[in-house]
Amino acid sequence: MKKVFVYLAFACLLGFAFTRIHNSPADATKAAKPAAADTEIKPFALMELYTSEGCDNCPPAYKVVKAFLDYGKQSNQNIFLLDFHIDYFNDLWVDPYSSHQNTARQESYARVFPGGSYTPQMIVNGSQALLGSSGKRVDAAVTKALKIKPSAKIDISSASLGKDRFVEVHFAAQNIPIDSMINIALVQNTIVQKVLTGENAGKTLTHHNVVRSMVLAPVKDGVARISIPKASNETSPVYSIIAFRQDLGSMKILAASEREVK
């Protein structure tokens, strides 16, 4: 498998257009068979980016993650992003998408990975920690993750927006204990923000998959409700749900999936 980042750079230089290869149509004379349930468990790479609008080292990471999100869509690879904004840079500029909960989540990785908390930090599948602005390191981590076949799976059948600003999520789990919990994250797909003060003063930043809310949901219920925060500078924001199962001992992500909110 070629390195993802190198492949992206090569494609951009040559203007290469991604194409999909389809199987030949089935023989029309044969009787049609009922479609089998999709039980295949495909590899995934869940990128967690810990960032702040008050950090001048963070903007390059936004371009890196956008390149990998685009690659995932074009190549039909399961590459997901959770953009967590932390609050320990909120001195000269208060990041409107930051929270102490996001900071606490990043700190929970410190007991697994040496080096402590920093920005922009990326965690891939809960098992690799690296500098989020390093395209080569992200490439290596994502490539490695996509070579590992998971043992569990989460299917999100629907994510529906109600009038009360709640999203109702229906999901099913495969090879996940019925008495366990999964994380349901609501992400805003794109946010464009002008920073007025601090290290990024005067810059207009574009964020992707910003985590706006996250809850735990019992696997046995197969349903969760998550609220949409009112604060947003987008007139018609687009949201998605990313559901994932994490082992709290090792912090490894065991299963993940994504679905757009309709």
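Up top is the structure these notes are about.
Presented here is an overview of the structure given in this document. (Residues numbered from 1 in each chain as written. Predicted model: local features only at pLDDT ≥ 70, side-chain atom pairs only at ≥ 80, totals over all residues. Heavy atoms only, no water.)

What follows deals with the packing of aromatic side chains. Going through the model one piece at a time under the given rule, you end up with four aromatic pairs. Where Tyr-88 meets Phe-89, the ring centres are 5.8 Å apart and the plane angle is 35°; that geometry is what we call tilted. Grouping aromatic residues by their ring pairs yields a cluster made of Tyr-50, Phe-84, Tyr-109 and Phe-113. Sitting above the plane of the Phe-166 ring, Arg-225 keeps its charged end 4.4 Å from the centroid. (Phe/Tyr/Trp six-rings, centres within 6.5 Å; stacked < 30°, edge-to-face > 60°. Lys NZ or Arg CZ within 6 Å of the ring centre and 35° of its normal.)

Moving on to the environment of Ser-158. The residue Ser-158 is located in strand β5 (residues 153-161) in this model. Given a relative accessible area of 22%, Ser-158 falls into the partly exposed group. Excluding residues within four positions of it along the chain, Ser-158 makes contact with Glu-168, Val-169, His-170 and Arg-259. (Helix = DSSP H or I, 4+ residues; strand = E, 2+ residues; numbered from the N terminus. Buried < 20%, exposed > 50% of the residue type's maximum accessible area, 1.4 Å probe, protein only. Contact = heavy atoms within 4.5 Å.)

Moving on, we get to the pairing of strand β2 (residues 78-85). The element β2 is extensively covered by neighbouring structure, given that seven of its eight residues are classed as buried. Running through helix α2 (residues 59-75), the crossover from strand β1 (residues 44-51) to the neighbouring parallel element β2 is right-handed. (Right-handed = clockwise from strand over helix to strand, strands pointing away.)

Let's shift gears to unusual backbone geometry. Here Thr-119 and Pro-120 are connected by a cis peptide whose omega angle stands at -10°. Tracing the sequence through the fold places Pro-120 in the loop between α3 (100-108) and β3 (121-124). You will see that Asn-209, though not glycine, has its phi angle at about 55°, which is positive. As for its position among the elements, Asn-209 is in strand β8 (residues 204-218). In this structure, Met-251 is a non-glycine residue whose phi angle is positive, near 70°.

On to the layout of surface pockets. Taken as a whole, the largest pocket spans an internal volume of roughly 830 Å³. If you go around the largest pocket, you meet 32 residues; those closest to its centre are Asn-78, Phe-80, Ser-257, Glu-258 and Arg-259. Going through the elements one at a time, α2, β2, β5, β7 (181-194), β8 and β11 (253-260) are the ones with two or more residues in the lining of the largest pocket. Here the lining of the largest pocket gets six residues from one element, more than from any other, and that element is β11. Its residues assigned to classes, the lining of the largest pocket shows 11 nonpolar, 10 polar and 11 charged. Its volume calculated, the second largest pocket comes out at about 450 Å³. Taken together, 23 residues make up the lining of the second largest pocket; nearest its centre are Phe-84, Gln-101, Arg-105, Asn-183 and Met-214. Elements with a minimum of two residues in the lining of the second largest pocket: α3, β7, β8 and β10 (239-246). In terms of residue class, the lining of the second largest pocket is made up of 12 nonpolar, eight polar and three charged. (1 Å grid on protein atoms, 1.4 Å probe; cavity = no way out; pocket = protein on both sides within 12 Å on 5 of 7 lines; lining within 4 Å. Points joined across faces, edges and corners; volume = space filled by probe spheres on them. Nonpolar A, V, L, I, M, F, W, Y, C, P; charged D, E, K, R; others polar.)

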